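Per-entry structural report
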Number of protein chains: 2
Amino acid sequence: MKTLVVMAHPDWHQSNTQTFLKEAVLNMETVYWYDLQSHMEQLNVPLAQQLMKEADRIIFQFPMYWYSAPSSLYSWFEQVLTPGIYNSKLKGKEFGIVVSTGVSEKQYTAGGGEHFTFSEFLKPFQGIALKCQMVYLSPFSISLFDYLSDLEKKQLLINYQQYLTLNRQGSFKAEEQWVINRLKALSKKDMLKDPDHQLMGILQILEENRDDIDDLSDTIAQMSEE
Amino acid sequence: MKTLVVMAHPDWHQSNTQTFLKEAVLNMETVYWYDLQSHMEQLNVPLAQQLMKEADRIIFQFPMYWYSAPSSLYSWFEQVLTPGIYNSKLKGKEFGIVVSTGVSEKQYTAGGGEHFTFSEFLKPFQGIALKCQMVYLSPFSISLFDYLSDLEKKQLLINYQQYLTLNRQGSFKAEEQWVINRLKALSKKDMLKDPDHQLMGILQILEENRDDIDDLSDTIAQMSEE
């Protein structure tokens with residue numbers, strides 16, 4: 001599965017959130033990182049459209065500005081989403097949103113400081129996904145990044161990577177397989193800090209367990225047929 | 001009451017809807033027409049902020065692009081709505097939206113071609129109004145302008161002028177007073193095509209009736225007190 005991340009931040013190098021997310025995808029070969037701002041001066045529309053056509057999952061990633069996306073993303077939509085694209089070329093692809101805010105997520109509710117939920121504020125994006133016949137994914141939100149603990153940031157990194165690349169089944173099996181694949185990919189590149197081969201040991205156990213579970217499933221299926 | 005219309009259309013001279021609406025405000029002295037696009041090349045932020053501060057009702061008028069406003073309006077918000085403005089200077093003012101679409105209004109509903117209502121798609125604007133402590137008015141929508149009959153266009157013109165300048169009470173009295181004031185203003189400027197003084201006759205009857213009703217109201221009030 002190929003993922004395109006259209007990151008729209010006017011000055012992402014100054015954003016702790018965006019630089020963290022950029023590092024999270026550095027070694028993910030199936031993820032294409034598209035820094036929208038750097039393309040806007042001379043927007044190559046056919047290139048942007050080609051990237052969308054090649055992707056299975058397209059993520060729009062931005063800081064929330066006035067309960068919506070930065071104006072640059074709207075300008076990009078106006079130029080890139082031509083009828084030839086939205087009428088047929090994106091059908092069935094997945095449409096995700098990674099939105100960051102400087103306000104606690106608890107405020108985004110009736111009676112809270114921001115009055116409405118992310119689901120409500122992001123309705124225009126859901127409309128775009130539907131118009132393009134795409135599958136709208138639950139938005140992924142990051143609030144108050146700078147206040148997260150190191151452990152919370154590590155969890156965020158995994159959750160973010162999964163939002164970009166995990167198959168949508170949402171099953172335990174899919175999540176387990178995702179972990180196995182990530183560990184394998186990192187070990188191939190010698191990216192894994194694992195001097196005592198502990199992680200590799202866990203990986204082996206995971207794979208053996210998975211094989212056992214699959215065998216058991218097959219046995220059950222055969223017994224049901226008999 | 002002063003009204004500011006912030007009209008955001010990338011090329012409004014080519015829009016039948018916008019040229020029609022522009023003509024509708026030509027003789028309305030309390031309405032300031034701000035053509036956003038013409039200001040964007042060198043945006044004068046203090047001027048835009050001053051216009052907002054002086055207005056009692058601020059209308060954002062635009063064609064719906066991707067279930068939202070054109071990117072130019074978002075760019076304007078990013079520059080003009082500084083904390084010094086949205087924290088205190090707009091409190092209590094009215095926030096209106098005039099949105100035009102090329103799709104029938106009937107499609108904006110669950111099960112319709114556009115899936116969601118204007119109220120849902122425009123939620124981010126409602127969020128802005130709340131953040132600025134402004135009073136959010138029901139959006140005014142114009143669909144399929146080019147298919148309207150002449151009579152429908154005349155009705156649209158009056159409804160639009162009232163959306164811009166009618167006091168919010170929504171009472172018959174307020175609407176009647178609005179008609180009296182408009183007729184007077186147009187007759188002062190010799191704008192009224194009324195060779196037989198028929199309209200002026202109606203105006204006189206309206207005013208006399210209004211005086212009679214006010215007298216009756218006073219009498220009833222006095223009798224209640226006795």
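Structural data are supplied above this passage.
Note that the structure is a prediction, hence the values are computed from the model and not measured. (Residues numbered from 1 in each chain as written. Chains lettered and ligands numbered in written order. Predicted model: local features only at pLDDT ≥ 70, side-chain atom pairs only at ≥ 80, totals over all residues. Heavy atoms only, no water.)

1. Details of helix 10 (residues 198-225) of chain A
Residues and elements named next belong to chain A. For helix 10, built from 28 residues, the straight-helix expectation of 40 Å at 1.5 Å per residue is met to within 8% by its first-to-last C-alpha distance of 41 Å. Looking at helix 10, one finds that the buried residues are Leu203, Leu206 and Arg210. Buried residues along helix 10 sit against helix 9 (172-188). (Helix = DSSP H or I, 4+ residues; strand = E, 2+ residues; numbered from the N terminus. Expected span 1.5 Å × (residues − 1). Buried < 20%, exposed > 50% of the residue type's maximum accessible area, 1.4 Å probe, protein only. Contact = heavy atoms within 4.5 Å.)

2. What to know about the relation of the copies chain B and chain A
It takes a turn of 180° to lay chain B on chain A, together with a shift of 0.0 Å along the axis; the resulting RMSD is 0.1 Å. On this basis, the relationship between the two copies can be described by a two-fold rotation axis. Taking the C-alpha atom as reference, chain B places Ser71(B) closest to the rotation axis, 2.5 Å from it. Both copies share a contact surface, since 100% of the interface residues of chain B are interface residues in chain A too. (Least-squares fit on C-alpha atoms with pLDDT ≥ 70 in both.)

3. So, the nonpolar core
Core analysis: the largest hydrophobic core is formed by 80 residues, its most contacted members being Leu73(A), Trp76(A), Leu73(B) and Trp76(B). Aside from chain neighbours lying at most four places away, what touches Trp76(B) is Val6(B), Tyr34(B), Leu36(B), Met40(B), Leu43(B), Ala48(B), Met52(B), Phe60(B) and Leu81(B). (Core = buried A, V, L, I, M, F, W, Y, C linked by side-chain atoms within 4.5 Å.)

4. Some details on the packing of aromatic side chains
Note on aromatic pairs: each is described by the distance of the centres and the angle between the planes. According to the stated counting rule, one finds 39 aromatic pairs over all chains in the structure shown. Relative to Phe77(B), the ring of Tyr74(B) has its centre 6.1 Å away and its plane inclined at 80°; by these criteria the two rings are edge-to-face. Of the two residues, Tyr74(B) and Phe77(B) are both situated in helix 4 (residues 71-80); the distance of 3 residues between them amounts to about one turn of the helix. With relative accessibility at 2%, the residue Tyr74(B) sits in the buried group. Across the ring face of Phe145(A), the terminal group of Lys153(A) is positioned such that the distance to the ring centre comes to 4.7 Å. (Phe/Tyr/Trp six-rings, centres within 6.5 Å; stacked < 30°, edge-to-face > 60°. Lys NZ or Arg CZ within 6 Å of the ring centre and 35° of its normal.)

5. With respect to the interface of chain B and chain A
Listed per partner, the contact involves 25 residues of chain B and 25 residues of chain A. Roughly 2300 Å² of surface becomes buried between chain B and chain A when both sides are summed, with 72% attributable to carbon and sulfur atoms. Counting every contact that joins chain B to chain A gives 2 salt bridges. Lys131(B) serves as the salt-bridge partner of Glu114(A), at 3.3 Å between the closest nitrogen and oxygen. For the side of chain B that touches chain A, the elements supplying multiple residues, two or more each, are helix 4, helix 6 (118-121) and helix 7 (123-131) of chain B. For the side of chain B that touches chain A, the class distribution of residues is 14 nonpolar, 6 polar and 5 charged. (Buried area = accessible area lost by both parts, 1.4 Å probe. Salt bridge = Lys/Arg side-chain N within 4 Å of Asp/Glu carboxyl O. Nonpolar A, V, L, I, M, F, W, Y, C, P; charged D, E, K, R; others polar.)

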